[in-house]
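One-letter residues, chain by chain:
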Amino acid sequence: MLQRLKALFGSRPKESRTLLETDNVPQHIAIIMDGNGRWAQSRGLPRVAGHHAGMKAVKRITVAADRLGVKYLTLYAFSTENWKRPKAEVEFLMKLPQEFLSIELDELIEKNVQVRMMGYKSELPGHTLSAVEEAVEKTAHNTGLVLNFALNYGSRKEMIEAVRQLAESAREGSLNPQDIEEKDLSAKLLSAEIPDPDLLIRTSGELRLSNFMLWQCAYSELWFTDVYWPEFTEDHFHEAVREYQRRARRYGGL
Ligand code: IPE
Ligand code: IPE
Ligand code: MG
C-alpha cells in the first residue's frame, strides 16, 4: 500500500512529479464533463466550439485512465435534462459521438477498450445511436478499460424505471416487497453490470451532481475543480487520483 512510484510523468516539468500509488488506483472513475460552453464563451467562440474541444479532452482522459490501469471510466456526455437546450446545440451534441468514434474507434479497439453506453436509447437520433451501437458491438469482446458513455442518462429516471420493474414483479407475485434489498435495486439500474464509482470528478467549478448516478455515488469520493472540461489534462486527472489516494474511505465505520 505504501509502495509509491513515480509512475507517470506529465509534459510540464513542475507538475511532472506525479506520485501515484499503483496499488490504490480507483477501479471506477466517473466524470461530469462540465464547462464546455463557458470555455468557448471565455474565448469569444460559440458554445459548440467548446463541445468540440471537449471531445479532445475525452480522448486525452481515456488514454490517461487506460495508462493508469483504471478499469471503468464513465463519462457524463448528455443528461436527460440537456434536451432543454436550444435545438441547434442539441443537434451539434448529437453529432459528436459519430465524429468521435469515426476518428477514435480503431485506436480504442487497438487499446483493447470496451465501449458501453448508459442511457435511454429511444430518444436518440438514429445516426447517434447507430454510431454508438457499432462501437459497442465492435468492442464487446475487448477486456481492457471499459469506456462507459452516459448519454441521455438521468439518475431519477433510472431509479423510477427500476422501481417500476420491481413493483411489476411484486404485482405478478414473483417478488415479496419485504425481501427487496439494495442489490435488487442496483441490478435494475442501467449501471447493473458495473461497480459503483470510487471517484467522481466534476469540472468547471459547479458543486452539484446534476442528476448523475445518485444511487451509485452513495460512497464515492467527490473531487471538484474549477478547470473547464476542454482544459482538463492528464495532470489534472492525476491530481484527482492523488487526492483520492490520500482519503480514508470509512463507509460509516471507523
Ligand atoms: C458540458 O458543458 C457538456 C454538456 C452538458 C453536454 P456545458 O455545455 O454544460 O458547458 P457550460 O456548463 O454551459 O459551460
Ligand atoms: C451536467 O452538466 C450534464 C453533463 C455534463 C452532460 P449540466 O451543465 O447540464 O448541469 P447543470 O445544468 O449546470 O446542473
Ligand atoms: Mg454545464
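Just so it is clear, the structure is predicted and the values come from calculations on it, not from any experiment.

An order of 5-6-4-3-7-8 is seen for the six strands of this open sheet, with the pairing classed as parallel. Looking at the sheet topology across the chains shown, the edges are occupied by strand 5 (114-118) and strand 8 (221-224). Averaged over all pairs of adjacent strands, the angle between strand axes in this sheet comes to 20°, irrespective of strand direction. Where strand 3 (residues 28-32) lies against strand 4 (residues 72-79), five bridges are found, and the strand directions are parallel. Among the inter-strand pairings, I29 is bridged to a residue of strand 4, identified as L73. Taken strand by strand, helix 2 (residues 47-68) contacts strand 3, strand 4 and strand 6 (146-153), and its axis lies near 160° from that of strand 4.

What surrounds ligand 2 is the set I32, M33, D34, Y76, A77, F78, N82, R85, R202, R208 and S210. Between ligand 2 and D34, the relevant distance is 3.2 Å, taken from an oxygen atom to a side-chain nitrogen or oxygen of the residue. Taking R202, its side chain carries an N or O atom lying 3.3 Å from an oxygen atom of ligand 2. Here the element with the most residues in the shell around ligand 2 is strand 4; it accounts for three residues.

Burial analysis of strand 6 places eight of its eight residues in the buried class, the great majority of the element. Taken together, the seven bridges between strand 4 and strand 6 define a ladder with parallel strand orientation. For F78, the partnering residue across the bridge sits in strand 6 and is L151.

Now for the nonpolar core. With 45 residues, the main nonpolar core has I29, I31, L73, I201 and F237 as its most contacted residues. When residues in this core are grouped by element, the largest group, eight residues, is from helix 3 (residues 87-110). Beyond its immediate stretch of four places on either side in the chain, F237 contacts I29, I31, I61, A64, A65, L68, I201 and F232. Core analysis: the next-biggest nonpolar cluster, separate from the first, contains 10 residues, Y76, M118, L200 and C217 among them.

Glancing now at the pattern of salt bridges. Scanning the model with the defined rule gives 24 salt bridges in all. Taking the shortest distance from any N to any O, the salt bridge between E104 and K59 comes out at 3.2 Å. Of this pair, E104 sits in helix 3 while K59 is found in helix 2, placing the two residues 45 residues apart along the sequence. Overall, E104 belongs to the buried group, its relative accessible area being 11%. Between E107 and K111 there is a salt bridge, and its shortest N-O distance comes to 3.7 Å.

For the rest of this paragraph, the subject is the site of ligand 1. By nearness alone, every residue bordering ligand 1 is listed as M33, D34, G35, N36, G37, R38, R47, H51, A77, N82, R85 and L93. One nitrogen or oxygen atom from the side chain of D34 is found 2.8 Å from an oxygen atom belonging to ligand 1. In the model, an oxygen atom of ligand 1 is placed 2.9 Å from a nitrogen or oxygen of the R47 side chain. The fraction of the free accessible surface of ligand 1 (370 Å²) that becomes covered by protein chains is 88%. When residues of the shell around ligand 1 are traced back to their parent elements, those giving at least two are helix 1 (36-41) and helix 2. Element by element, the count of residues in the shell around ligand 1 is highest for helix 1, at three residues. Split into classes, the residues belonging to the shell around ligand 1 amount to three nonpolar, five polar and four charged.

So, how was this worked out
- Residues numbered from 1 in each chain as written.
- Chains lettered and ligands numbered in written order.
- Predicted model: local features only at pLDDT ≥ 70, side-chain atom pairs only at ≥ 80, totals over all residues.
- Heavy atoms only, no water.
- Pairing = 2+ DSSP bridges.
- Helix = DSSP H or I, 4+ residues; strand = E, 2+ residues; numbered from the N terminus.
- Axes fitted to C-alpha atoms, helices over the stretch in contact; angles between N-to-C directions.
- Contact = heavy atoms within 4.5 Å.
- Near = heavy atom within 4 Å.
- Polar contact = N/O pair within 3.5 Å; in protein donor to acceptor, adjacent residues only side chain to side chain.
- Buried < 20%, exposed > 50% of the residue type's maximum accessible area, 1.4 Å probe, protein only.
- Core = buried A, V, L, I, M, F, W, Y, C linked by side-chain atoms within 4.5 Å.
- Salt bridge = Lys/Arg side-chain N within 4 Å of Asp/Glu carboxyl O.
- Areas by Shrake-Rupley, 256 points an atom, 1.4 Å probe, with all protein chains shown as cover.
- Nonpolar A, V, L, I, M, F, W, Y, C, P; charged D, E, K, R; others polar.

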